[in-house]
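# Structural overview
So the chains spell out like this:
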Amino acid sequence: MGLTLTYLSLVVLIPLSMLFVKAGALDLKDFVAITTAPRVLASYRLSFLASLAAASINVCLGFLLAWVLVRYEFPGRRFIDGLVDLPFALPTAVAGIVLATLYSPLGWLGRPLAALGIKVAFTPVGVVLALSFVGFPFVVRTVQPVLQSLAAEDEEAAACLGASRFQIFVRLILPTVLPAVTTGFALAFARALGEYGSVVFISGNLPMRTEIPPLLIMSRLDQFDYQGASAIAVVMLVASFVVLLLTHVLKWWGRRIGAWG
Amino acid sequence: MNAAAAISRPKQVPLAAVSESPAVRRTLIGLALAAVAAVLILPVSAILIEAFSQGISAYFSALAHPHTWSAIRATLLVCSIAVPLNCVFGVLAAWCIAKFDFPGKSVLVACIDLPLSVSPVIAGLLFVLLFGARGVFGPFLTEHHIRIIFAIPGMVIATVFVTLPFVARELAPLMEAQGSDDELAGLSLGASGWQTFWRVTLPNVKWGLLYGIVLCTARALGEFGAVSVVSGLIRGETNTIPLHVQSLYDDSHFAAAFAVASLLTVFAVITLVVKTIVEHKTAAALDGALAGRGRPWGGRA
């Protein structure tokens, strides 16, 4: 017990509090000046919007995949079920270089897309793509158990009472699964906010256009501007803590619905 | 667990009213398979194809390059310190969480999860703030000629931070689900606390522990953001495998970068295989434990 707490505070809590001390040493004016510089604001905006887009893509694909994996039998189902976690297992740098290569203007997918007039590498689209790869498993893994636990009897009863398949889906299945979907969305979003390795290769890191906050932290550190780096980091951390808090609220909401359902 | 639950479900012909028509079903399966192929299978095959694009001899000469070897050595060194540390911590923490009740337990759980919600770059930044040349301990360390940042110790600490939650997160739910009945039985039969731990608690969770260690190792091997902040990217010294992949890629040695990346990919695939096996085993073990307690629905024989 004591050992656990000591180790935890040495490795996690003390370093984290240092960050806030360092940023707190800044004048409020300087802090605001650093964190609202146009380049920094642009990076926050990109990070927020791209994470939102990526998490939405994850919800659509993830729900589809979870549905198919739980509800249907087809050859290779077990294999695909195991494969879903690949983005968690694959190092982010590896994901980064392979996506950058696939979607570069000369790559397998980049070339046909470029012919259609869609540029992926070195644009915000590339950032969204990398983030949706990284967050792919979250929605699948949160929705899957809930879909599995849905009782077939409820659906049968609804069907007996004359509900159409569409009505059953919208009024029975969707409300039950919704908390899990939102939790998955929030997890994917939170992960995307802090992601670094998979993004830097495909984004091209163009100032004002495709720079993400972690990259700005890196460049500040290269100039030994510790306080500037800390200020940007504090804003990022607070944002991800807010998202984390929201996921806990969502989980609580999910349990309440579960208890009442 | 998912797979096991799916198996246990009796096979039944779905009623038309509670399932979709075959056409809809096939379309949905087709769409899902296409998504999996585009998002997961294509990148992995691209890694392998790019790795061998200059021929097999180029592949092996990239792997045999001294810088690759030193990267592998650095990575293994970092892992061999960080993983055992977090493994011991994970068992301790899971033990505290699962077997005891104390005020502030949920705060402890949240603190263990913290590193997962901290961006890797910020994780690196934390230790630069502490140990960097202009950090809190910076002057002290320079005085005593100790290098932590831009050297192996810094990389170890950053890796420990990033991989801290994995073992504890795997073990705590498992230990909680199994309860303390087995331990109580052991203690009442005269075993010491230490014996009970080694002979009862650990064997009960061995599969979860194995998976936790594999996850922890996978992350430690592949960690990029945090380590790149603290390593200083000195080739042949503090480059780990992922950082070496980045240097090769930035120098436009694409085939070599993918060759080294394929090593990490192989480990990622091994992780997935272990995960599948472990989920199977733990589902069976938990079922057995539940059946032993005379739950009404029993377990599979």
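Data block above holds the structure.
These figures come from a predicted structure and were not determined experimentally. (Residues numbered from 1 in each chain as written. Chains lettered and ligands numbered in written order. Predicted model: local features only at pLDDT ≥ 70, side-chain atom pairs only at ≥ 80, totals over all residues. Heavy atoms only, no water.)

### A closer look at the overall build of chain B
Summing up its helical and strand segments, chain B has 15 helices and zero strands in all. Counted over contacts in chain B with a minimum sequence separation of 6, partners at least 24 positions apart contribute 73%. Looking at chain B as shown, the accessible area adds up to about 14,100 Å², and 68% of this sits on carbon and sulfur atoms. (Helix = DSSP H or I, 4+ residues; strand = E, 2+ residues; numbered from the N terminus. Contact = heavy atoms within 4.5 Å. Areas by Shrake-Rupley, 256 points an atom, 1.4 Å probe, with all protein chains shown as cover.)

### What about the overall build of chain A?
Looking only at helices and strands, one finds 14 helices and zero strands in chain A. Along chain A, helices (α) and strands (β) appear in the sequence α-α-α-α-α-α-α-α-α-α-α-α-α-α when read from the amino end. Its C-alpha atoms put chain A at 70 × 55 × 35 Å along the principal axes. Counting across all 261 residues of chain A, residues that qualify as buried make up 52%. Partitioning the contacts of chain A with sequence separation of at least 6, the portion at a separation of at least 24 is 76%. For chain A, the exposed area adds up to about 11,600 Å²; of that, 71% sits on carbon and sulfur atoms. Computed over 18 positive and 13 negative side-chain charges, the separation of the two mean positions in chain A equals 5 Å. (Buried < 20%, exposed > 50% of the residue type's maximum accessible area, 1.4 Å probe, protein only. Lys, Arg positive; Asp, Glu negative; His and termini not counted. Charge placed at Lys NZ, Arg CZ, Asp CG, Glu CD.)

### Details of the interface of chain B and chain A
Contact with chain B, which involves 82 residues of that partner, is made by 75 residues of chain A. Contact between chain B and chain A buries roughly 7,100 Å² in total, counting both sides, with carbon and sulfur atoms accounting for 79%. At the boundary of chain B with chain A, the tally comes to one salt bridge. The partner of lysine 275 of chain B in a salt bridge is aspartate 85 of chain A, and the shortest N-O contact between them spans 2.8 Å. Inspection of the region where chain B meets chain A yields four residue pairs in polar contact (both at pLDDT 80 or more). (Buried area = accessible area lost by both parts, 1.4 Å probe. Salt bridge = Lys/Arg side-chain N within 4 Å of Asp/Glu carboxyl O. Polar contact = N/O pair within 3.5 Å; in protein donor to acceptor, adjacent residues only side chain to side chain.)

### Re the packing of aromatic side chains
All names here are of chain A. All chains considered together, the criterion is met by 21 aromatic pairs over all chains. Taken together, a centroid distance of 6.2 Å and an interplanar angle of 75° make the contact between phenylalanine 63 and phenylalanine 169 edge-to-face. Taken as a pair, phenylalanine 63 in helix α3 (residues 38–71) and phenylalanine 169 in helix α11 (residues 165–194) lie far apart in primary sequence, 106 residues in all. Look at phenylalanine 63 and you get buried, because its relative accessible area is 15%. (Phe/Tyr/Trp six-rings, centres within 6.5 Å; stacked < 30°, edge-to-face > 60°.)

### Quick word on helix α12 (residues 206–222) of chain B
For α12 of chain B, built from 17 residues, the straight-helix expectation of 24 Å at 1.5 Å per residue is met to within 8% by its first-to-last C-alpha distance of 24 Å. Among the residues of α12 of chain B, those classed as buried are Gly208, Leu209, Tyr211, Gly212, Val214, Leu215, Cys216, Thr217, Ala218, Ala220, Leu221 and Gly222 of chain B. (Expected span 1.5 Å × (residues − 1).)

### Notes on a nonpolar patch on the surface
Residues and elements named next belong to chain A. Together, Phe20, Val238, Val242 and Leu246 make up a nonpolar patch on the protein surface, roughly 330 Å² of accessible area in all. Of the residues forming the nonpolar patch, the biggest block, three residues, is contributed by helix α14 (residues 226–260). Counting through the fold element by element, leucine 246 comes out in helix α14. (Patch = residues over 30% accessible without salt bridge, like charges linked within 9 Å, V, L, I, M, F, W, Y side chains within 5 Å.)

### Side note on α11 of chain A
Helix length check: α11 of chain A, at 30 residues, gives a terminal C-alpha distance of 40 Å against a target of 44 Å (1.5 Å per residue), a fit within 8%. Residue leucine 174 of chain A marks the point of greatest curvature in α11 of chain A, where the axis turns by about 50°; the proline proline 175 of chain A follows within four residues. (Bend = angle between axes of the 7 residues up to and from the residue.)

### Considerations on unusual backbone geometry
One non-glycine residue, phenylalanine 224 of chain A, adopts positive backbone phi at about 60°. Of note, phenylalanine 224 of chain A is situated in the loop between α13 (213–222) and α14. Residue phenylalanine 224 of chain A is classed as partly exposed on the basis of its relative accessible area of 35%. Backbone geometry at histidine 145 of chain B places phi at a positive 55°, although glycine is not the residue there. By the element assignment, histidine 145 of chain B lies in the loop between α7 (138–143) and α8 (152–163).

### What to know about the pattern of salt bridges
Summed over the entire model, instances satisfying the criterion amount to 15 salt bridges over all chains. The closest approach of N and O atoms between glutamate 155 of chain A and arginine 71 of chain A, which form a salt bridge, is 2.8 Å. Separated by 84 residues along the polypeptide, glutamate 155 of chain A in helix α10 (residues 152–160) and arginine 71 of chain A in helix α3 bring together distant segments of the chain. Residue class for glutamate 155 of chain A comes out buried when judged on its relative accessible area of 4%. Of the residues examined, arginine 71 of chain A reaches a relative accessible area of 24% and is grouped as partly exposed. One network of salt bridges, in which partners are shared, links Asp81, Asp85 and Arg141 of chain A together with Lys275 and Glu279 of chain B.

### Things to note about the packing of α8 of chain B against α12 of chain B
When two helices pack together, their arrangement is given by the angle between their axes and by how far apart the axes lie. Residues and elements named next belong to chain B. Between α8 and α12, whose axes approach to 10 Å, the crossing angle comes to 135°. On the basis of their axis angle, the class for α8 and α12 is oblique. The element α8 and its partner α12 pack so that their crossing is right-handed. Along the contact surface, α8 presents Thr159, Val162 and Thr163, while α12 presents Cys216, Arg219 and Ala220. Along the lines of polarity and charge, the residues of the contact of α8 with α12 split into three nonpolar, two polar and one charged. (Axes fitted to C-alpha atoms, helices over the stretch in contact; angles between N-to-C directions. Parallel < 35°, antiparallel > 145°, perpendicular 65-115°, else oblique. Left-handed = near helix turned anticlockwise from the far one by under 90°. Nonpolar A, V, L, I, M, F, W, Y, C, P; charged D, E, K, R; others polar.)

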